[in-house]
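So the chains spell out like this:
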Amino acid sequence: MTAELVRGQNHPLDRTRVEIRVAAGGPVVAGVTLGDEQGRLSGAEAVAHPGAPRRTGIEVPRQAAAEHRIAVDLDALSTAVHRVSVLLALPTGIGGLTAFGAAAAPSVTVTGLDGTGIARYTITGLGAESAVVAVELYRRQGTWKVRAVGQGYADGLPAMLRDQGLPQAAELAAEIEEAVGRGQARAVPAPAPLAAGRSERPGAGPAAASAQDRPSPAPATAADGPAPSGAGAGAGSAAGPGAGAGAKAAAGAKAGDLPPAPADGGPIDYRHPRRRSTPAPVPSAARPAGTPPSATGPTAPDGSPLPVAGDAAGWSMDERLYNQVWGMFEDLARSVAAYRSAADFAESRLEQELDRALADPRHRLGTAGEDARATARDKHATLVTQARAALDRDLAQLMAESEVVEPALPPAFARWDNPVWQGYHVPAERPMALRLGDLHLPEVLDLRIPMLVRLPLERGLWIDSGLDSYAHGAGPERDVGRRELPGALTDGPPDESELRRLAMESAVAIAARLLAIHPAGDFAVQVIDPGGAAAPALAPLVESGALPAFPLPGAKGVTAVLEELTRRVELVQMAVRHRAADALPADLDTAEQLLIVHDFPHGFDDRALTRLRYLADEGPAVGVHLMLVADRAQSREYGPVLDPLWRSLLRITPVPDAHLADPWVGHAWTYEPPLAPKGSQVLRQVLGRLAAARKAS
């Protein structure tokens, strides 16, 4: 099982010939330095880079790319080498990223030659840095280990090499950049089309909608975008970058960015630049004799390629599906942006032509004026009809893709009504992402995009149980969403008691999913419920043993849980800082923890609030995650003291609500919570199987 490392953590290597796989949100340069016991380099010959890709026991790629594989033979290294550091840097002069913080977090995986994962490290927390020491393999008492480093440098490659004691750092950095420039053509290929048969979409600028939060792309790591983006996984994980207009999107496009118009004045290509294309059907004249049409891939009756689940880049099927979902997410966002822009243009043109018709006194009365106005309205209707036809064509492709992808999703990505849960088995490995709910736009209510976020969670969650948030934003998205959610809300304003019940049920559904998609014993849930009102919703967790008992009521229960988790965070932080994981107390539960706080801030004093903010800030890095079920209005008495806490959490809602924005064009997406179908026992069945696996282990 691949070990997931956090910054400073180490992991033993059980072999000396390994492969280091790098996945980033855009083109990066990969290199390796060979240092002594103090990490100092003997000279330029101790650096493997694109200009000198081979050193004894080391081979690195010759160009910048979003994915790399580095071969390492530790037995072949000189006895003077004690540290093998993997360096990542952003290339200059090829139109790519200028800072790692502008794209999905890069990840580094150490594997065996057969692809078996040993350790993985996702380098989070990067901002203005353009170079980073990702991981290092180091020799200690005759054995090799891998350590997650994540040391970034805002001054780039020269500063990173200088920090490793290389006197000629600037000269070597220039040599590396020159070598990368020579290989630019093969390093950054043009973006491939998304899927055969998907038309180029005429359109223009985005219709940016204000929103309170943005769903994390990534992870893209495919990081975060899929290569996703996410669904394209966001970068969501490894995916090939694109050149020119595509390079920006491949590196993790910022909100509101659209591909620039081509120089020849042709239509803008809104297709996701980082998804693998389904090959176009081979014409019969070009097909070898005797080769059936099906040999070129599945096709529809009209000869167009059929969608395929997993049709995206990635090391595993889960990663490919993650990236494909993020790709669908981006495709839908850009298609709707093109439609809305075209519709806005048609409306603006209609107003201008009507104004011109009315500006001439001769056309204000009589048949000439009527004809001018009728002509303007006909042009408007034609433009809107054409735009809608283009949107419908894209939506049909996405609907067909969704129908193929949704049944193929693993439990971590699947809805509770997916048949995959009926055959659920406790996993042996940790998941890469989690489905937090569904997203949709008013133009296509039947197409739900899974909202996938990378794990481990880098932000806590806030399930908003307050009425104020819904009272100030009534709109068609909210009304439609309420009618569509079975057993929740119908027409009219939300009911306060029903809203609180649904908020806690949403929290339990997310907690149950997190428990189910982790190996038995690797994830635990703790609950703070000072008023004891959450007992009915917590029943499935208690009955299955996932929660040992109902939480203690009152301030005593609040203090006990916060003290335990604060102690855990502090001890793990010290162990990571001093590389002393073996010194952790035997009674310390090292499983990842999810803390659900119900009815916050009821039962919290100033000391408890301080501890909660500490857990929100420091907990995610060491495996302690926060989920608040709260009405922000109830904490107004604290003034701005809690504002940083609210800002650090991702707000989701227990009923459909249009408050999340995509990272590409800023549409307001309606979010739907991941509740189990009304009357379904799937959640209890899954928790029961998990309990049986815990007892057997």
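As a starting point, this report considers the structure included with it. (Residues numbered from 1 in each chain as written. Predicted model: local features only at pLDDT ≥ 70, side-chain atom pairs only at ≥ 80, totals over all residues. Heavy atoms only, no water.)

As for the side chain of Asp 522
To be explicit about the condition: The way it works is that DSSP assigns letters per residue, a run of H or I at least four long becomes a helix, a run of E at least two long becomes a strand, and they are numbered from the N terminus. For each residue, the accessible area found with a 1.4 Å probe, counting protein chains only, is set against the maximum for its type, and the residue is called buried under 20%, exposed over 50%, and partly exposed in between. Contacts are residue-level and defined by heavy atoms, with any inter-residue pair within 4.5 Å sufficient.
Inspection of the secondary structure puts Asp 522 in the loop between helix H9 (496-517) and strand E16 (523-528). The exposure class of Asp 522 is buried, given its relative accessible area of 18%. For Asp 522, the contacting residues outside a window of four places in its chain are Met 1, Arg 430, Ala 591 and Glu 592.

A few points about the packing of aromatic side chains
Selection rule: Only Phe, Tyr and Trp rings take part, Trp by its six-membered ring, and two of them pair if their centres are within 6.5 Å. Stacked means planes under 30 degrees apart, edge-to-face means over 60, and tilted covers everything else.
A full pass over the atoms with the stated rule returns 10 aromatic pairs. With a centroid separation of 4.8 Å and an interplanar angle of 80 degrees, the aromatic rings of Phe 329 and Trp 669 are classed as edge-to-face. On the criterion of sequence distance, the pair formed by Phe 329 in helix H5 (residues 317-359) and Trp 669 in strand E21 (residues 668-672) is long-range, its members being 340 residues apart. Judged by relative accessible area, which is 2%, Phe 329 ranks as buried. Ring centres of Phe 600 and Phe 604 lie 5.1 Å apart, and the angle between their planes is 75 degrees; this geometry places the pair in the edge-to-face category. Judged by relative accessible area, which is 0%, Phe 600 ranks as buried.

Topic: the environment of Val 404
Mapped onto the elements of the fold, Val 404 is located in helix H6 (residues 367-408). Here Val 404 falls in the partly exposed class, since its relative accessible area comes to 31%. C-alpha separation for the pair Val 404 and Gly 310, spaced 94 residues apart in sequence, amounts to 9.5 Å. Residues contacting Val 404, with those up to four places away along its chain left out, are Pro 307, Val 308 and Ala 309.

Examining the pairing of strand E20 (residues 657-661)
Short version of the rule: At least two DSSP bridges between two strands are needed for those strands to be called paired.
Along E20, 5 of the 5 residues are buried, which leaves the element largely enclosed by surrounding structure. Between E20 and the antiparallel strand that follows it, E21, lie 6 residues; Gly 666 among them carries a positive phi value of about 80 degrees.

A short note on helix H12 (residues 606-618)
Under the convention used in this document: By this rule, a helix spans an expected 1.5 Å times one less than how many residues it contains. Think of it as the arc spanned by the lines of direction from the helix axis to the C-beta atoms. In protein, a polar contact requires one atom able to donate a hydrogen and another able to accept it; more generally it is a pair of N or O atoms within 3.5 Å, and residues adjacent in sequence count only if both atoms are side-chain atoms.
Counted at 1.5 Å a residue, the expected span for H12 with its 13 residues is 18 Å, and the 18 Å between its end C-alpha atoms agrees. Along H12, the positions that sit buried rather than exposed are Ala 608, Leu 609, Arg 611, Leu 612, Leu 615 and Ala 616. Down the axis of H12, the buried side of the element spans an arc of 165 degrees, and every buried residue falls inside it. Seen from the open side of H12, the exposed residues pointing more than 90 degrees away from its buried face are Asp 606, Arg 607, Thr 610 and Asp 617. The inward-facing, buried residues of H12 contact helix H11 (554-577), strand E17 (592-600), strand E18 (624-630) and helix H13 (643-648). One side-chain oxygen at the N-terminal end of H12 lies 3.3 Å from the backbone nitrogen of Arg 607; it belongs to Asp 605.

Things to note about the pattern of salt bridges
Rules: Within this document, salt bridges are pairs made up of a side-chain nitrogen of Lys or Arg and a carboxyl oxygen of Asp or Glu, the two lying within 4 Å of each other.
According to the stated counting rule, one finds 29 salt bridges in the structure shown. As a salt-bridge pair, Glu 370 and Arg 373 come within 3.1 Å of each other at their nearest N and O atoms. In this pair, Glu 370 and Arg 373 both sit in helix H6, 3 residues apart, roughly one turn of the helix. Given the relative accessible area of 13%, Arg 373 is considered buried. Across the pair Arg 632 and Asp 643 runs a salt bridge whose closest N-O atoms are separated by 3.1 Å. Residue Arg 632 is located in the loop between E18 and H13, and its partner Asp 643 is located in helix H13; the two are separated by 11 residues in the primary sequence. Residue Arg 632 is classed as partly exposed on the basis of its relative accessible area of 35%.

Remarks on the nonpolar core
Worth spelling out the cut-off: What makes a nonpolar core is a set of buried Ala, Val, Leu, Ile, Met, Phe, Trp, Tyr and Cys residues whose side-chain atoms join them at distances within 4.5 Å.
Counting 78 residues, the largest nonpolar core has Leu 332, Phe 413, Trp 421, Met 504, Ile 510 and Ile 596 as its most contacted members. A total of 12 residues in this core trace back to one element, the largest contributor, which is H9. Residues in contact with Phe 413, not counting those within four places in the same chain, are Asp 318, Leu 321, Tyr 322, Met 432, Ala 433, Leu 434, Arg 435, Leu 452 and Arg 513. By size, the runner-up hydrophobic cluster in this structure holds 60 residues, among which are Ala 3, Leu 13, Ala 48 and Ala 89.

Observations concerning the sheet that holds strand E14 (residues 444-454)
Within a beta sheet, neighbouring strands are joined by backbone hydrogen bonds and run either parallel or antiparallel to one another. Selection criterion: Here, axes are lines fitted to C-alpha atoms. For helices the fit covers the stretch in contact, and angles between N-to-C directions go from 0 to 180 degrees.
Pairing is antiparallel across the open sheet formed by 4 strands, whose spatial order is E14-E13-E21-E20. Only two strands of the sheet have a single partner each, and these edge strands are E14 and E20. Strand-to-strand twist across the sheet, computed as the mean angle between neighbouring axes with direction ignored, equals 50 degrees. Pairing geometry for E20 and E21, over 4 bridges, is antiparallel. Looking at the pairing, Ala 661 lines up with Ala 668 of E21. Its contacts with the sheet put H6 on strand E13 (433-441) and E14, and the angle it makes with E14 is roughly 55 degrees.

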